Amino acid sequence: MLTNPQNRYPKIFIRSKNELAKRLATSNLTQAQAQELINDVVSHFNDYWRDSKHSQPDKNKYVRNAKGKPLGRLLKLIDKKLLTPHDKLIPGFIFGGVSGKSHIDAAYYLLGKQRERTLLALDIGRFFEQISEDRIFHFFHNKAECSKKGAMLLASLCCVEEGPKGRGNNKNVLARGFATSTRLAAWCNLDIFLKLHWLVKKTLKHHDPRLAIFVDDIGISASRVSEETMKSLQKEIEDLLVNFDRNQKLPVNPDKTFIYSYEKGIEHLGLNLGRNRLSFGSKTISRKAKVVRRLKTSTKTSEKRKLRIQNKSYFAYREQINQLNRQGVATLN
């Protein structure tokens, strides 16, 4: 983990539309074409995204969809050309939005090396909605050393109005679902995540502490610690997330905060954390069994074809998990 604050953040140095176009140009996209794409998106921004059917209005969570639109293409280019190359700077305990890492890797990391583990699981409520456009501008301008003009341009492309589209909310926030969002969420909260990492290491010293952050899910595991110790740490973390930065409060969702002991069984990120290995969590087992049952009783060809694809995806998912399990065992041996 980098300790020098000057070296924690990527240096992007975008100062204008023209410079952004130059950086986004590829063998299949000339600088002039990139400039045209940027101008088109800026002029028709609101026409190029919509609220996804995966939104959860009852929880005030709105997933935005720009796929198939010029905005979606531009965001993918920004993510690939400006953000992804700096993934190596992101600390190892952050798994969401980082190339080559997944929720499976995050869960496996929490297994640790020492046994009799306890897990503290927390969820940051409405994570993307807590990150304002001003915060994105601050990252690009103050951390990534873009000019004010360049930072304003990039921030405006990555954020949309809070709440349902068209409501006219004056507050713009990081767009849940955009290609750039998970990486920007990590970068905009890096300082607080580093502080959290330090707190976990200090509090759980000598107990093989592990911290894994996957987007808005925080998992902390340790060996041979009492539930009281974890409850005390939970309170410190909740206070840290809300009060560390007055401009970036991250309240924890109490309904998704749990402490699991090894004896009771540990589940996190939809996976069961066992002794040196991962396996399907209870919800995944139930969903897979439902697909198998429907496959046996279905008489429609189209439905059976769809169910077979779903069933194959579960086998592929299990193989991903087992591959990591085998690699872990090999490492231990």
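Everything discussed here concerns the structure shown above.
Attention here is on the structure that accompanies the text. (Residues numbered from 1 in each chain as written. Predicted model: local features only at pLDDT ≥ 70, side-chain atom pairs only at ≥ 80, totals over all residues. Heavy atoms only, no water.)

1. Regarding the packing of aromatic side chains
Under the definition given, this model contains 8 aromatic pairs. With centroids separated by 5.1 Å and ring planes inclined at 55°, the aromatic side chains of F139 and F140 adopt a geometry described as tilted. Residue F139 shares its accessibility class with F140, and that shared class is buried. Judged by centre distance (6.2 Å) and plane angle (15°), the rings of F139 and W187 are stacked. Remark: W187 occurs in helix α7 (residues 181–188) and F139 occurs in helix α5 (residues 133–143); sequence separation between them is 48 residues. Comparing F139 with W187 shows no difference in burial state: the two are buried. Grouped by ring-pair contacts, the aromatic residues Y9, F139, F140 and W187 constitute a single cluster. One Lys or Arg, K165, reaches over the ring of W49 and ends 4.5 Å from the middle of that ring. Over the aromatic face of W198 sits the side chain of K195, whose NZ or CZ is 4.6 Å from the ring centroid. (Phe/Tyr/Trp six-rings, centres within 6.5 Å; stacked < 30°, edge-to-face > 60°. Buried < 20%, exposed > 50% of the residue type's maximum accessible area, 1.4 Å probe, protein only. Helix = DSSP H or I, 4+ residues; strand = E, 2+ residues; numbered from the N terminus. Lys NZ or Arg CZ within 6 Å of the ring centre and 35° of its normal.)

2. Topic: the sheet that holds strand β11 (residues 278–280)
One open sheet holds the 3 strands; their spatial order is β9-β10-β11, and the pairing between them is antiparallel. The open sheet has two edge strands with one neighbour each: β9 (266–268) and β11. Across this sheet, the average inter-strand angle for adjacent strands is 40°, counted without regard to direction. Note that β9 and strand β10 (residues 271–273) share 3 bridges and pair antiparallel. Note that in β10 the partner of I266 across the bridge is L273. (Pairing = 2+ DSSP bridges. Axes fitted to C-alpha atoms, helices over the stretch in contact; angles between N-to-C directions.)

3. Focus: the sheet that holds strand β8 (residues 258–261)
Taken in spatial order, the 4 strands make up an open sheet running β6-β7-β3-β8, and their pairing is antiparallel. Two strands lie at the open edges of the sheet, namely β6 (210–214) and β8, each paired on one side alone. Between one strand and the next, the sheet's axes are offset by a mean angle of 15°, whatever the strand orientation. Judged from the 5 bridges that link them, β6 and strand β7 (residues 217–223) form a sheet pairing that is antiparallel. When the sheet's bridge partners are listed, I213 is paired in β7 with I218. Its contacts with the sheet place helix α8 (residues 190–203) against β6 and β7, and it is angled at close to 155° to β6. In the packing of helix α9 (residues 227–243) onto the sheet, contacts are made with β3 (117–123), β7 and β8, and the angle to β3 comes to roughly 25°. (Contact = heavy atoms within 4.5 Å.)

4. Re the layout of surface pockets
Volume-wise, the largest pocket comes out at about 970 Å³. Only β3, β8, β9 and α10 (282–297) provide two or more residues apiece to the lining of the largest pocket. Looking at the lining of the largest pocket element by element, the count peaks at 4 residues for α10. Classifying every residue of the lining of the largest pocket gives 9 nonpolar, 9 polar and 10 charged. (1 Å grid on protein atoms, 1.4 Å probe; cavity = no way out; pocket = protein on both sides within 12 Å on 5 of 7 lines; lining within 4 Å. Points joined across faces, edges and corners; volume = space filled by probe spheres on them. Nonpolar A, V, L, I, M, F, W, Y, C, P; charged D, E, K, R; others polar.)

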